[in-house]
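Here's the letter readout for the chains.
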Amino acid sequence: MASIPVSIVMPLRDAGNTLSAAIESLLAQTYPSIEIVLIDHLSVDHSPDIIREFMAKDQRIRALTHSGSFVEAANLAWQKSSGDLIARMDCDDIAHPDRIAEQVNFLSQNPEVAACGTQVRILKRIEGGASPPDPGYQRYEKWVNSVISSEDIRNQRFVDSPIPNPTSMIRREVMEALGGYQDPEWAEDYDFWLRLIEAGYRLGKVERKLLDWFDSEGRSTRTQERYALPLFQAAKATFLSRLPAIQQLGVVICGAGPIGKEMATLLRSHGIHIHAFLEVNHRQIGNRIAGIPVLDSEEFSKFPDNSVALSAVGQDGARERIRKLAIECGFSEGKDFFCVA
């Protein structure tokens, strides 16, 4: 049986310190039918020299340059590729040798799944090597590696981006149907996954750590405003506000702290009615926040029939406690209950 052709696409800029290792990890893939499409986005370092050296050694590598936006470069990469499956890769990460083979096998065995990712190991890049990531990335790694099934990915998509973008593999027809990446004010990859799920597609994840994902001070998630937390919250609110149940019923927000207040403000800007905040902090119960009453969390059971519940708390363990309480009160996650932090 012929192998399914896979295009691995990599937009890059000034990646001279990491590019060679990233490309070598792709050339070492055990899966045979690959092409590697590199899009050099305005590099001023020695990245172009590295690309030329690899192209001279391996005909599976193709390269283009692009002077427009990064999102345009990311779209050009897959548009100029030829594979039936499109895999993303970042220029500062390392793919494990079986990554592509495992993902092709997963999509072949799950034809109802439009795209998949893998689990990751997140490392902090330091001079001379790597170290464990910062606490925030440790929490993200633990969470994203636990969200495996299509149902969990769909239900928890408003916690954070459920697919690490440099692990993604997408069917070409799905990428074409969605028009690739759009250029919103927030992260284009998170926007893509939210749009894909909104359109009714299913996502999956290979339950193996098949990518070393390196955090560094120069990584775009740290340097570009579109990846800042407030804009992630804005993306969540925008897509939440388009859910018919929320438009019809409004929401009750579990948590009257900074996260809950911010989400209430964002949802109200989209015309969504906020019934109440629910709190365990007795100092807040009975108050009003921008006219919205703060009620005792024990009143949670009054809301399943007339609102959608949002868990908006960031403390360790709080999400799980609210999820348990919501289910006990008759809410169903992914239908009328969502976690947003």
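It should be noted that the structure appears before, not after, this text.
What counts, and where the lines are drawn
Residues numbered from 1 in each chain as written. Predicted model: local features only at pLDDT ≥ 70, side-chain atom pairs only at ≥ 80, totals over all residues. Heavy atoms only, no water. Helix = DSSP H or I, 4+ residues; strand = E, 2+ residues; numbered from the N terminus. Buried < 20%, exposed > 50% of the residue type's maximum accessible area, 1.4 Å probe, protein only. Contact = heavy atoms within 4.5 Å. 1 Å grid on protein atoms, 1.4 Å probe; cavity = no way out; pocket = protein on both sides within 12 Å on 5 of 7 lines; lining within 4 Å. Points joined across faces, edges and corners; volume = space filled by probe spheres on them.

1. Observations regarding the environment of Asp84
Point 1. Summarising the element assignment, Asp84 is placed in the loop between helix H3 (70-79) and strand S4 (85-88).
Point 2. With relative accessibility at 43%, the residue Asp84 sits in the partly exposed group.
Point 3. With 88 residues separating them in the primary sequence, Asp84 and Arg172 have C-alpha atoms 5.4 Å apart.
Point 4. Setting aside residues up to four positions removed in sequence, Asp84 forms contacts with Ile4, Pro5, Ile170, Arg171 and Arg172.

2. Remarks on unusual backbone geometry
Point 1. The backbone of Asp14 shows a phi angle near 50°, a positive value even though the residue is not glycine.
Point 2. Mapping Asp14 onto the fold places it in the loop between strand S1 (6-12) and helix H1 (19-27).
Point 3. For Asp14, a relative accessible area of 35% translates into the label partly exposed.
Point 4. For Leu42, which is not glycine, the phi dihedral falls at a positive 65°.
Point 5. Tracing the backbone through its elements, the reader meets Leu42 in the loop between strand S2 (34-40) and helix H2 (47-57).

3. Some words on the side chain of Ser150
Point 1. Mapped onto the secondary structure, Ser150 falls in helix H6 (residues 150-155).
Point 2. If we skip the residues at most four places from it in the chain, Ser150 touches Val113, Arg202, Leu203 and Gly204.

4. Quick word on the side chain of His41
Point 1. Considering the arrangement of structural elements, one finds His41 in the loop between S2 and H2.
Point 2. Discounting residues that sit within four places of it in the chain, His41 has contacts with Leu12, Arg13, His66, Gly68, Ser69, Phe70 and Ala73.

5. Brief notes about the layout of surface pockets
Point 1. In this model, the second largest pocket occupies a volume close to 400 Å³.
Point 2. The wall of the second largest pocket is formed by 21 residues, among which Gly255, Glu279, Val280, Val313 and Ile322 lie closest to the centre.
Point 3. Every element with two or more residues in the lining of the second largest pocket is listed here: helix H12 (258-269), strand S11 (274-279) and helix H13 (318-328).
Point 4. With four residues, the top contributor of residues to the lining of the second largest pocket is H13.

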